[in-house]
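Below, each chain spelled out in residue letters.
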Amino acid sequence: RAKESGKNNYQFYVAEMTTLVSERLALENDLRSALERGEFSLNYQPIADCRSGAIVGMEALLRWKHPERGMISPALFIPLAEETGYIIPIGEWVLRTACEQCRGWQKAGFPSLYVAVNLSSRQFHQKDLTASIHRILQETGLDPTRLGLEITEGLIMQQAEASVNTLRELKAMGIRISIDDFGTGYSSLSYLKRFPIDVLKIDQSFVRDIPKDEDDAAIASTIITMAHSLGLKVVAEGVETLEQLNFMREHHCDTMQGYYLSKPLPPDQFTALLKNGTRLDVA
Ligand code: C2E
Ligand code: MG
Ligand code: MG
Ligand code: MG
């Protein structure tokens, strides 16, 4: 009987795996045509100055509306796009769209706004990244100092030598570099002085349980102090409550983003937010 049930388990397992694999293949296939079918869009999450509450910029976040499945999380399809290489054209579309949109808002009366765009590993390590970004900035008319690129520590450690060079080129153009999800990687802190970085984004996992969790509070305040001693700015991610915002203010965190201020919004709603002049101290 044991043998029998073992066999059944095995068959079940194979069936499950087959479903997973074919689902994955189907999704991969749909991803290939998603760009030309216009299924992607960008949402924008405001980034605000902790002290004044003014919106200083926004992070562009990719959305995929699948014709049958509806919205698919970037956490699911970005890794697929990365493995298949589709991330290169998709990423270029994201950059161009975000730069255009930022320029549009600047012209509409918010001249100092900046936009932050996430870069995946394959995209960052592609040979003509800087040339491509240079072209996009020229075509959209966005000042390079108004573009931020978000990368993870793991990504730059993969090819440290090449990464330093790419980062230097980007920095020389005036672009600001942020380390996303800071504190969740396995890299040593020494890269912070080797790499030309401008901003650390405290990962939301350290913010979530503030003020209740004293360890997280200690980690977050230490990141802020360390960043400032290195001449870096800090963004707190995932700020959901007034207590968390107050914590960040008390510890002199520069800027914040999170549901407490706003979820990522489609462009028209972001425009409304800008025009209503939403400020944190009013919220
Ligand atoms: P990320 O860059 O760390 O972005 C922050 C994520 O946290 C976003 O999830 C955002 O919606 C979410 N978030 C913001 N505030 C809060 C909050 O207060 N509470 C909670 N619980 N969550 C909050 P999203 O939009 O699902 O994106 C997930 C990840 O997908 C991003 O993490 C980023 O790594 C990746 N991603 C998104 N768009 C792009 C893109 O255009 N290119 C690349 N390469 N990756 C992208
Ligand atoms: Mg990000
Ligand atoms: Mg993050
Ligand atoms: Mg993340």
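Residues numbered from 1 in each chain as written. Chains lettered and ligands numbered in written order. Predicted model: local features only at pLDDT ≥ 70, side-chain atom pairs only at ≥ 80, totals over all residues. Heavy atoms only, no water.

Taking an unreviewed UniProt entry as the reference, the chain is identified by name as cyclic-guanylate-specific phosphodiesterase belonging to Sulfuricaulis limicola.

A. Structural detail: the coordination of the magnesium ion (ligand 2). The protein atoms that coordinate the magnesium ion (ligand 2) are Glu 59 (OE), Asn 118 (OD1), Glu 150 (OE) and Asp 180 (OD), at distances of 2.0 to 2.2 Å. In this structure, the magnesium ion (ligand 2) lies 4.3 Å from the magnesium ion (ligand 3), and both are coordinated by Asp 180. Of this pair, Glu 150 sits in strand 5 (residues 147–152) while Asp 180 sits in strand 6 (residues 176–182), and the two are 30 residues apart along the sequence. In this structure Glu 150 comes out as buried when scored by relative accessible area, which is 2%. Relative accessible area serves as the criterion here: at 8%, Asp 180 is assigned to the buried category. (Donors = N, O, S within 2.8 Å, 3.2 Å for Na, K, Ca; no water. Helix = DSSP H or I, 4+ residues; strand = E, 2+ residues; numbered from the N terminus. Buried < 20%, exposed > 50% of the residue type's maximum accessible area, 1.4 Å probe, protein only.)

B. Representation of helix 7 (residues 160–173) in the model. Between its first and last C-alpha atoms helix 7 spans 20 Å; for 14 residues at 1.5 Å apiece the expected length is 20 Å, and the two agree. Along helix 7, the residues classified as buried are Ala 160, Ser 163, Val 164, Thr 166, Leu 167 and Leu 170. At its buried positions, helix 7 is contacted by helix 4 (121–124), helix 5 (129–140), strand 5, helix 6 (153–158), strand 6 and helix 8 (191–194). In the stretch just after helix 7, Gly 174 is the one whose phi turns positive, near 105°. (Expected span 1.5 Å × (residues − 1). Contact = heavy atoms within 4.5 Å.)

C. Representation of the site of ligand 1 within the structure. Residues in contact with ligand 1 amount to 22 residues; listed here are only the nearest, Arg 63, Asp 180, Gln 204, Glu 240 and Tyr 259. Contacts to ligand 1 include Asp 181, whose side-chain N or O atom sits 3.1 Å from an oxygen atom. Interatomic distance of 2.8 Å between a backbone N/O atom of Tyr 259 and an oxygen atom of ligand 1. Contact with the protein chains covers 81% of the free accessible surface of ligand 1, which is 810 Å². Contributing elements (two or more residues each) for the shell around ligand 1: strand 2 (55–66), helix 2 (74–84) and strand 6. Looking at the shell around ligand 1 element by element, the count peaks at four residues for strand 2. In the shell around ligand 1, the residues fall into nine nonpolar, six polar and seven charged. (Near = heavy atom within 4 Å. Polar contact = N/O pair within 3.5 Å; in protein donor to acceptor, adjacent residues only side chain to side chain. Areas by Shrake-Rupley, 256 points an atom, 1.4 Å probe, with all protein chains shown as cover. Nonpolar A, V, L, I, M, F, W, Y, C, P; charged D, E, K, R; others polar.)

D. Inspection of the pairing of strand 1 (residues 40–49) at higher detail. For strand 1, a buried count of eight out of ten residues is recorded, marking the element as mostly surrounded by other parts of the structure. Where strand 1 and strand 2 come together, nine bridges link them in antiparallel fashion. From the neighbouring strand, Ser 41 faces strand 2, where its bridge partner is Arg 63. Taken together, strand 1 and the strand that follows it, strand 2, pair antiparallel across an intervening segment of five residues, in which Gly 53 is found at a positive phi of about 85°. Where strand 1 and strand 9 (residues 255–256) come together, two bridges link them in antiparallel fashion. Counterpart to Asp 49 in the pairing with strand 9 is Thr 255. (Pairing = 2+ DSSP bridges.)

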